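Structure assessment
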Amino acid sequence: MRPMALQERYPNLHVSRHPLVAHKLSLLRDKRTDPKQFRELVRELSWLIGYEAMADLTMQPRPIETPLEAMDGQRVEPKVGLVPVLRAGLGMVEAVLELMPSAEVWHIGLYRDERTLKPVEYYNKLPDAATVQVCLILDPMLATGGSSAATVDILKAWGAARIKQVSLIAAPEGIATLSGAHPDVDIHVAAVDRELNERGYIVPGLGDAGDRQFGTFAGPASEPGHAHDETAEVVRRLQRNLQDP
Ligand code: PRP
Ligand code: URA
């Protein structure tokens, strides 16, 4: 399904149209890009997509005095929380913190079981009640959408009033999963790619975002090759759901 058709079906989906985003994303995807440059590009793209994601934050009047006269200034109203999903989301934090230095940062640890493609939670130190009104989930990849939907579940149970997903690349299957489970969550991305492959990787994508940032090319998971039957069936089911929601 093409990005335009997806945006018609899912009004919560926001795909950047900025030429700088497209330029930097192409460099990021390139397999010759080394981890140092990859991290720099993740940071630059996170700044740009984070900026777009915060465009509708509400504001409050704030009286100020310039050297010349008094005027009604403005301040961002809600308290914002950044929620990087470990580990690939870590590379996005600093850039978004630059934009919003007062934001709180709450880490969630999830990894995706490579056979079932289901998220497994391993770190969560959120306090009992929400301390922020708006949460920005930071994770470069929205693939099956399982990790993101699980993070939103956690944040809603915590009491977050408003949640936005900030990612670099999304698959149509992941957008359908997240929007189906949580239609109130805005999704901000640099690009929507063609589909998931039978291993649940986004194609054309960029490979494994965590491994490429941290130089840990541990296994062939993101490389082409025969997938486990169970994994391929999960992907086929997601693709059927997308065609017939
Ligand atoms: C990647 C990515 C997302 C998840 C996306 O993390 O950063 O968290 O996969 O996949 P999904 O949409 O199918 O759930 P990964 O599990 O590889 O962990 P890592 O960041 O620790 O490498
Ligand atoms: N996680 C990644 O890092 N890349 C993908 O394509 C899918 C999940």
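Scroll up a little and you will see the structure.
So, a few notes on the structure that sits alongside this text. The residue count restarts for each chain, going from 1 along the sequence in the order it is written. Chain labels run from A onward and ligand labels from 1 onward, assigned in the order the entries are written. Per-residue local features are limited, in this predicted model, to residues with pLDDT of at least 70; the limit for side-chain atom pairs, both in listing and counting, is 80 or more; totals at the level of whole chains, interfaces and linings are taken over all residues. Only hydrogens and water are set aside when side-chain values are computed; all heavy atoms of the structure are taken into account.

Concerning the overall build of the protein
Stated formally: Helix numbering and strand numbering both begin at the N terminus, where a helix is a DSSP run of H or I of at least 4 residues and a strand a DSSP run of E of at least 2. Here the term buried applies to any residue with accessible area under 20% of the maximum for its type, exposed to any over 50%, and partly exposed to those in between, with areas from a 1.4 Å probe on protein chains only. When checking whether two residues touch, look at their non-hydrogen atoms; a contact exists if any pair is within 4.5 Å. The Shrake-Rupley method, run with a 1.4 Å probe sphere, supplies the accessible areas, and residue values consider only the shown protein chains as cover.
For the protein, the helix and strand inventory stands at eight helices and 15 strands. Along the first, second and third principal axes, the C-alpha set of the protein runs to 70 × 40 × 35 Å. For the protein, buried positions account for 48% of its 245 residues. For the protein, contacts bridging at least 24 residues in sequence account for 65% of all contacts bridging at least 6. Put simply, the protein shows about 12,500 Å² of open surface, and 54% of that area lies on carbon and sulfur atoms.

Some points on the layout of surface pockets
Where empty space is left becomes clear once a probe the size of a water molecule has been rolled over the atoms. Just so we agree on the cut-off: The definitions used throughout rest on a 1 Å grid laid over the protein atoms alone, on which a cavity is an enclosed set of points accommodating a 1.4 Å probe that cannot get out and a pocket is an open set flanked by protein within 12 Å on both sides along at least five of seven lines; lining residues are those having an atom within 4 Å of a point. Grid points are joined across faces, edges and corners, and a volume is the space filled by probe spheres set on the points. Charged means Asp, Glu, Lys or Arg here, nonpolar means Ala, Val, Leu, Ile, Met, Phe, Trp, Tyr, Cys or Pro, and polar covers whatever is left, Gly included.
By volume, the largest pocket is sized at about 560 Å³. Considering the residues around the largest pocket, the lining is formed by 26 residues, among which A88, Y111, R112, E114 and D208 are closest to the centre. At the level of secondary structure, the elements contributing two or more residues to the lining of the largest pocket comprise β4 (80–86), β6 (108–112), β9 (141–142), α5 (146–158) and α7 (209–214). Of the residues assigned to the lining of the largest pocket, the class counts are 13 nonpolar, eight polar and five charged.

A short note on helix α4 (residues 90–99)
Taken residue by residue, α4 has M92, V93, A95 and V96 as its buried positions. Looking at the buried positions of α4, the neighbouring elements they touch are α3 (35–53), β4, β5 (104–105), β8 (134–138) and β10 (162–166).

Examining the site of ligand 2
For clarity, the cut-off: Consider each residue's heavy atoms; a residue with any of them within 4 Å of a molecule or strand counts as near. Definition of a polar contact: a pair of N or O atoms within 3.5 Å, with one able to donate and the other able to accept a hydrogen when the atoms are protein atoms, and with sequence-neighbouring residues admitted only if both atoms are side-chain atoms. Assignment to a cavity or pocket requires that more than half of a molecule's atoms be within 2 Å of the site's grid points.
Close to ligand 2 lie R112, M141, A143, G200, Y201, I202, G207, D208 and A209, which account for all nearby residues. At 2.8 Å from a nitrogen atom of ligand 2 is found a main-chain nitrogen or oxygen belonging to G207. A distance of 2.8 Å is found between an oxygen atom of ligand 2 and a backbone nitrogen or oxygen belonging to A209. Starting from 240 Å² of accessible surface for ligand 2 in isolation, the protein chains cover 89%. More than half of the atoms of ligand 2 fall within 2 Å of the grid points belonging to the largest pocket.

Details of the site of ligand 1
Taken together, 14 residues lie near ligand 1, and R112, D139, A143, T144 and S147 sit nearest. At a separation of 3.0 Å, an oxygen atom of ligand 1 approaches a polar backbone atom of A88. Its atoms largely coinciding with the cavity grid, ligand 1 occupies the largest pocket. Broken down by secondary-structure element, the contributors of at least two residues to the shell around ligand 1 are β6, β9 and α5.

Some details on the pattern of salt bridges
For the record, the criterion: For salt bridges, the criterion is a side-chain nitrogen of Lys or Arg within 4 Å of an Asp or Glu carboxyl oxygen.
Considering all chains together, one arrives at 18 salt bridges under this definition. Of the charged contacts in the structure, one is a salt bridge between R87 and D211, with a shortest N-O distance of 2.9 Å. With R87 in the loop between β4 and α4 and D211 in helix α7, this pair connects stretches of sequence that are 124 residues apart. Note on D211: relative accessible area 12%, which makes it buried. The partner of R194 in a salt bridge is E195, and the shortest N-O contact between them spans 3.4 Å.

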